[in-house]
Amino acid sequence: MNQKKPIFHLPETESTNQSLRLWANTRDLPDLSMLWTDYQTCGRGQTGNAWESEPGMNLLCSILFYPAHLPANQSFAISEIASLSVKYTLDPYVSGLTIKWPNDIYYQHKKICGILIENDLSEGIVSRSVIGLGINLNQKAFNNEAPNAVSLAMITGMIYDREELYNQLHTNFKRLSDELNDTGIDSIHQKYIASLYRRDGFHAYQDLSGCFEARIHDIEPSGHIILQRRNHTLSRYGFKEVTSKL
């Protein structure tokens, strides 16, 4: 591992987010410190879902990020950076990756990466962010509770060096975070929009009122998705308020 980068390893931990947050509370960790592990005993996804991963097979890490004066109501930029950094890391190995709103990475209609972001707020800005990433790398099979999971190895038939990928991921995250801090959210947002799953055309969605067809109109800085229905009306949704249907 490149020792010039603040990248740390634990053979096993309950959760890289939990461990990195504890370290940041008790140690003077630099910005963009990354903690990775071979196995999480209590890995978490969005809304408390468990994250399945065989020991030593996948990329399981968390990144500590101190944004420069990022307003809390624009914190979705962190999600955009995280998802883009994963996409850019995997793009050299497989084509056709997209970002399924808000931040899952998809290959065709299958999920290759999940992201869990925990932000600390202070006086209306994001003072600190811990970004957990679970990337399916070398695992060849998943249980029935993850019916649409896929790994890079399943797609290409090859096995990958985890440490090499961690270094590439860290480099991409740093480049994008520097861009955010230097030029603001607009350029990051445009890259995110261009990378979205089902970015073009009308597709099936479902909300509390039932199924409907719509296209992605925009993603707000808050992270809300704006969908335009065939009758041209716009609907605004937060996370888990609408789902896409195959």
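Residues numbered from 1 in each chain as written. Predicted model: local features only at pLDDT ≥ 70, side-chain atom pairs only at ≥ 80, totals over all residues. Heavy atoms only, no water.

(A) Spatial organisation of the packing of aromatic side chains. Summed over the entire model, instances satisfying the criterion amount to nine aromatic pairs. Ring centres of phenylalanine 8 and tryptophan 23 lie 6.0 Å apart, and the angle between their planes is 75 degrees; on these two criteria the pair is classed as edge-to-face. Of this pair, phenylalanine 8 sits in strand E1 (residues 7-13) while tryptophan 23 sits in helix H1 (residues 16-26), and the two are 15 residues apart along the sequence. For tryptophan 23, a relative accessible area of 13% translates into the label buried. With a centroid separation of 5.4 Å and an interplanar angle of 75 degrees, the aromatic rings of tyrosine 93 and tyrosine 160 are classed as edge-to-face. You can see tyrosine 93 sitting in the loop between helix H2 (76-90) and strand E4 (97-100) and its partner tyrosine 160 sitting in the loop between helix H3 (152-156) and helix H4 (162-183), a full 67 residues away along the chain. Residue class for tyrosine 93 comes out partly exposed when judged on its relative accessible area of 25%. Three or more aromatic residues joined by ring pairs make a cluster, and in this case those are Tyr205, Phe212 and Tyr237. (Phe/Tyr/Trp six-rings, centres within 6.5 Å; stacked < 30°, edge-to-face > 60°. Helix = DSSP H or I, 4+ residues; strand = E, 2+ residues; numbered from the N terminus. Buried < 20%, exposed > 50% of the residue type's maximum accessible area, 1.4 Å probe, protein only.)

(B) Layout of the pairing of strand E2 (residues 34-40). Taking burial as the measure, the seven residues of E2 include six buried ones, the bulk of the element. Pairing between E1 and E2: six bridges, direction parallel. Within E2, the residue paired with leucine 10 across the bridge is threonine 37. Between E1 and its parallel partner E2, the chain crosses via H1, and the hand of that crossover is right-handed. Pairing of E2 with strand E3 (residues 59-65), which is carried by four bridges, proceeds in the antiparallel orientation. Bridging across to E3, threonine 37 finds its partner in leucine 60. (Pairing = 2+ DSSP bridges. Right-handed = clockwise from strand over helix to strand, strands pointing away.)

(C) Layout of the sheet that holds E4. Taken together, seven strands build an open sheet; the order of strands is E1-E2-E3-E7-E6-E5-E4 and the sheet is mixed. In this open sheet, the two strands that pair with only one neighbour each are E1 and E4. Here the average twist between neighbouring strands, direction ignored, is 20 degrees. Running at roughly 30 degrees to E3, H4 makes contact with E1, E2, E3 and strand E7 (125-135) of the sheet. (Axes fitted to C-alpha atoms, helices over the stretch in contact; angles between N-to-C directions. Contact = heavy atoms within 4.5 Å.)

(D) The arrangement of the sheet that holds strand E10 (residues 225-229) in detail. The five strands are arranged E11-E10-E9-E8-E12 in an open sheet whose pairing can be described as antiparallel. Edge positions in the open sheet fall to strand E11 (234-237) and strand E12 (243-245), since each of these has one partner strand only. Shown here is a sheet whose adjacent strand axes are inclined to one another by a mean of 50 degrees, direction ignored. The sheet contact formed by E10 and E11 spans four bridges and is antiparallel. If you follow glutamine 228 over to E11, its bridge partner there is leucine 234.

(E) Representation of the pattern of salt bridges within the structure. In the structure shown here, the tally under the stated rule is 11 salt bridges. Across the pair arginine 21 and aspartate 120 runs a salt bridge, and its minimum N-O distance is 3.0 Å. Here the residue arginine 21 occupies a position in helix H1, and aspartate 120 occupies one in strand E6 (residues 110-122), the gap between them amounting to 99 residues. A relative accessible area of 21% places aspartate 120 in the partly exposed class. For the salt bridge of glutamate 179 with lysine 191, the shortest nitrogen-to-oxygen distance reads 2.8 Å. You can see glutamate 179 sitting in helix H4 and its partner lysine 191 sitting in helix H5 (residues 185-194), a full 12 residues away along the chain. When its relative accessible area of 17% is taken as the criterion, glutamate 179 is described as buried. With relative accessibility at 29%, the residue lysine 191 sits in the partly exposed group. Linked by salt bridges that have partners in common, Arg21, Glu118, Asp120 and Arg128 make up one network. (Salt bridge = Lys/Arg side-chain N within 4 Å of Asp/Glu carboxyl O.)

(F) Local environment of the state of the cysteines. With the rule as written, the count across this model stands at zero disulfides. Take cysteine 113: it sits in no disulfide, and the sulfur closest to it among the cysteines is that of cysteine 61, at 8.5 Å. A residue is classified by how much of its surface remains accessible, and cysteine 113, at 0% relative accessible area, is buried. (Disulfide = S-S within 2.5 Å.)

(G) Region of the structure containing H5. What H5 keeps buried is the set Ile185, Ile188, His189, Tyr192 and Ile193. Down the axis of H5, the buried set is contained in an arc of 135 degrees. They therefore lie on one face. Facing away from the buried surface of H5 by more than 90 degrees, the exposed residues are Asp186, Gln190 and Ala194. (Arc of directions from axis to C-beta.)

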